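Survey of secondary and tertiary structure
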Amino acid sequence: MIVVRHTLVIDEPVERAGHLWTDFVRHEIARDDFAADEWLEADGLHGVMGAGDVHFETVSVARCKVTLTVRIDLPPSDPRTGPEVEAAYRRAVDHLDRFHDFVAAGVG
Amino acid sequence: MEENVNAAQGDNAEVRRGIAGVVRAGGDATVRQAMTVVTTARGGATVQQAASMAVVSGGDTSIKMAGAMCVPTLGDVSIEQGGAQWVVSAGDVNIDKGGCGVAVAPSVRVDRGGVGAALAWRVDVGEGGRVLFGPLAAAAFGLALGVGFGIVTVATAGYAATKVVKRLPRIPFIS
């Protein structure tokens, strides 16, 4: 099993991070250019998590660490695995960057 | 050069700022700012700002700002700002700001580093981590195998040649 992981720290307490993430998912799905991927899938009216996981961890009272992981179901010997790992990592970085901007903008 | 460092059963061994051939510890082995050929420990092994050809341990192995060629261990392996050519571990392998040619373990986690070929049930690629897959991994595996075999062959041949030359005292240019 291959797992791609990316982490960033946001200036919000861990108690609020889960709610902010839910709001972020709703916000992403509501976008006109929304495209389903590992983390965000349109399931009727609700956004659900796909093969990825999000994990929140306390850094301090006012800050928390957000870790996004996705499982890649390709065997290591497959020539497509390397490029897919790179692409999944880039998508993870993009997702978390957007989440960071979302939190910083105070949309939630 | 210290030829060998032996510690009794259950005792720890430490080599600090020196060169040693074989370090054997009944407990933990620590090599700091030193070079050793082989480091073996029944417990854990720590190689810090040092180099060792082989680090064999029955516990956890930590390689910090250090290098090793072959690291077979029964515990976890942690490589921080260091490198190893071969890591074969019964526990997890964690690489942070380091590199490894081939890692064979149940789980391999890479942050800010690279692994040529990871043979593991779980390969975790984190920030700045790079693991080769597919044909590139096969090439890295072959390269590591070739280089390792070459180094062992050269070392063995050198040792054998030294022994042979020592048995020829009449050759004038050998003192």
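Residues numbered from 1 in each chain as written. Chains lettered and ligands numbered in written order. Predicted model: local features only at pLDDT ≥ 70, side-chain atom pairs only at ≥ 80, totals over all residues.

The subject of this paragraph is the overall build of chain B. Scanning chain B for helices and strands turns up one helix and 17 strands. Referenced to the eigenvectors of the C-alpha coordinate spread, the extents of chain B come out at roughly 60 × 40 × 20 Å. Expressed as a percentage of the 175 residues in chain B, the buried residues total 39%. Sequence separation of 24 or more characterises 6% of the internal contacts of chain B that already satisfy a separation of 6 or more. (Helix = DSSP H or I, 4+ residues; strand = E, 2+ residues; numbered from the N terminus. Buried ≥ 20, exposed ≤ 12 C-beta atoms within 10 Å, placed from the backbone. Contact = placed C-beta atoms within 7 Å.)

Among the nonpolar cores identified, the biggest contains 60 residues, and B:Ala103, B:Val108 and B:Val115 are the most heavily contacted of them. Here this core gets six residues from one element, more than from any other, and that element is helix α2 (residues 81-105) of chain A. Two domains each donate at least three residues to this core, and these are domain 1 (1-75) and domain 2 (83-89 + 100-166) of chain B. Once residues within four sequence positions are removed from consideration, B:Val108 is found in contact with B:Val93, B:Ala103, B:Val115, B:Ala118, B:Ala120, B:Val123 and B:Asp124. (Core = buried A, V, L, I, M, F, W, Y, C linked by C-beta atoms within 7 Å. Domains from an automatic or database assignment.)

So, about the interface of chain B and chain A. Residue-level contacts link 13 residues of chain B with 15 residues of chain A. Elements with a contribution of two residues or more to the side of chain B that touches chain A: β16 (122-125) and α1 (134-166) of chain B. Taken together, the residues of the side of chain B that touches chain A sort by class into eight nonpolar, two polar and three charged. Looking at chain direction, strand β1 (residues 2-10) of chain A and β16(B) are connected through three bridges and run parallel. Of the residues in β16(B), the one forming a bridge with A:Val4 is B:Val125. (Nonpolar A, V, L, I, M, F, W, Y, C, P; charged D, E, K, R; others polar. Pairing = 2+ DSSP bridges.)

Let us now look at α1(B). Its 33 residues place the ends of α1(B) 48 Å apart at the C-alpha level, agreeing with the 48 Å of an ideal helix rising 1.5 Å per residue. Of all 33 residues in α1(B), two are buried; the element is thus mostly exposed. (Expected span 1.5 Å × (residues − 1).)

In this section: the environment of B:Ala118. Residues and elements named next belong to chain B. Take Ala118: it is sitting in strand β15 (residues 113-119). Along the chain, Ala118 and Val102 lie 16 residues apart, while their C-alpha atoms are 5.9 Å from each other. Those residues in contact with Ala118, other than ones at most four positions away along the chain, are Ala103, Val108, Val123 and Val131.

A few words on the domain arrangement of chain B. Residues and elements named next belong to chain B. Under the domain assignment, chain B is made up of domain 1 (1-75) and domain 2 (83-89 + 100-166). On the domain 2 side, the residues contacting the eight residues of domain 1 number nine residues. Examining the composition of the side of domain 1 that touches domain 2, we find that seven residues originate from one element, strand β9 (residues 67-73), more than from any other. A breakdown of the residues in the side of domain 1 that touches domain 2 according to their chemical character gives six nonpolar, two polar and no charged.

In the predicted model, chain B carries a mean pLDDT of 86, and the fraction of residues at 70 or more is 90%. For this predicted complex, the interface confidence comes out at an ipTM of 0.74, alongside a pTM of 0.78. (pLDDT = per-residue confidence, 0-100.)

With mixed pairing, 11 strands are arranged side by side in an open sheet as β4(A)-β5(A)-β1(A)-β16(B)-β14(B)-β12(B)-β10(B)-β8(B)-β6(B)-β4(B)-β2(B). Both edges of this open sheet fall to β4 (52-58) of chain A together with β2 (13-16) of chain B, since each of them pairs with a single strand only. Neighbour-to-neighbour, the strand axes of the sheet open up by a mean angle of 10°, direction not taken into account. Note that strand β12 (residues 92-96) of chain B and strand β14 (residues 107-111) of chain B share five bridges and pair parallel. Each residue of the ladder has a partner; that of B:Val93, found in β14(B), is B:Val108. Its contacts with the sheet place helix α1 (residues 14-30) of chain A against β1, β4 and β5 (64-72) of chain A, and it is angled at close to 155° to β4(A). Those strands touched by α2(A) are β1 and β5 of chain A together with β16 of chain B, and its axis lies near 20° from that of β1(A). (Axes fitted to C-alpha atoms, helices over the stretch in contact; angles between N-to-C directions.)

Moving on: α1(A). Residues and elements named next belong to chain A. Compared with an ideal rise of 1.5 Å per residue, which puts 17 residues at 24 Å, α1 spans 25 Å between its outermost C-alpha atoms and is within 8% of the ideal. All of the buried residues in α1 are Ala17, Leu20, Trp21 and Phe24. When α1 is viewed along its axis, its buried side chains cluster within an angular range of 110° and face the same direction. For α1, exposure combined with an orientation more than 90 degrees from the buried face picks out Glu15, His19, Thr22 and Ala30. Residues of α1 that are buried sit in contact with β1, β4, β5 and α2. (Arc of directions from axis to C-beta.)

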